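Summary of the model geometry
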Amino acid sequence: MMSESDIPIERLMSRAGIPKLCVVTPWGVATVSQGRRMLMRPSRAMVACYPGSGSHYVKHVDNPNKDGRCITAIYYLNLDWDVKTCGGLLRVFPEGYQHQVADIAPIFDRVLFFWSDRRNPHEVQPAYNTRYAITLWYFDAIEREEATRRYREKHAEGGAPSTKK
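Residues numbered from 1 in each chain as written. Predicted model: local features only at pLDDT ≥ 70, side-chain atom pairs only at ≥ 80, totals over all residues. Heavy atoms only, no water.

If you look the chain up in an unreviewed UniProt entry, it shows as hypoxia-inducible factor-proline dioxygenase from Eumeta variegata. Recorded in UniProt for the chain, the comment headed Cofactor (unreviewed entry) runs: "L-ascorbate". Quoted straight from UniProt, the Catalytic activity (unreviewed entry) entry for the chain says "L-prolyl-[hypoxia-inducible factor alpha subunit] + 2-oxoglutarate + O2 = trans-4-hydroxy-L-prolyl-[hypoxia-inducible factor alpha subunit] + succinate + CO2". (UniProt positions renumbered as here; feature names shortened; annotations may be inferred.)

The biggest cluster of nonpolar side chains holds twelve residues, and these are Ala48, Tyr50, Ile74, Tyr76, Leu90, Val92, Ile104, Leu112, Phe114, Val124, Ala127 and Ala133. Mapped by element, the contributors of at least two residues to this core are strand S4 (46-50), strand S6 (69-76), strand S7 (90-92), strand S9 (111-115) and strand S10 (122-127). In this structure Ala127 touches Tyr50, Gly52, Ser53, Gly54, Ser55, Cys86, Gly87 and Gly88, once residues within four positions along its chain are discounted. Counting residues in hydrophobic clusters, the runner-up holds five residues, among them Leu39, Ile71, Ala73 and Tyr138. (Core = buried A, V, L, I, M, F, W, Y, C linked by side-chain atoms within 4.5 Å. Buried < 20%, exposed > 50% of the residue type's maximum accessible area, 1.4 Å probe, protein only. Helix = DSSP H or I, 4+ residues; strand = E, 2+ residues; numbered from the N terminus. Contact = heavy atoms within 4.5 Å.)

Attention shifts here to unusual backbone geometry. For Asp80, which is not a glycine, the phi torsion comes out positive at approximately 50 degrees. Among the secondary structure elements, Asp80 is positioned in the loop between S6 and helix H2 (83-86). With a phi angle near 70 degrees, Asp109 is a residue other than glycine that sits in the positive phi range.

Next up, the structure:
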C-alpha cells in the first residue's frame, strides 16, 4: 500500500481540494501547473526604495527573456500610506484585459504574487513619499536550467565582445 509520501503531489492536492497552484515547503514553493512546473527556491531579496519626488518605474515585464523567473512576490513596508497624497501605486496590465488595470496600493504588510512573464506587465506610478518594497522571484526549474545553460554556452564561446580587427 502507498503511503502519503508516495502519492503524486497532484493527487494529494486533488484529494485535499487544493487547486493546482502551489504547495509551500520549508525549501521553497513547488507548483504544478498544466502538469509541468516545478518551482525552485526564491531568488535573493531585492529591496526597492523609491525616494519620493515623483520617482517611478516604467511599464515592464519581470521575465521577458525566459530567464526562469516564474512568480513575482512583493512585500510592502509602507506604514500609514495614503495613495491620494503618497501615490506609488503598482499598476498591473493583465494580459487579455486591454481596457482594465489593477491598481494596488503599497500598504504595510501587504503581500502580492503574480506571474513574472508577459501575462502581467506592470509599472510603479509616481511616488511622492519614500516607498519601500521587498521583491522575490520564484524560478521555474526547467526554464532556469535552460537559461543557465544558454548563459554558460554564450560565455564559454567567448560571449564578450571581440577585440580582433
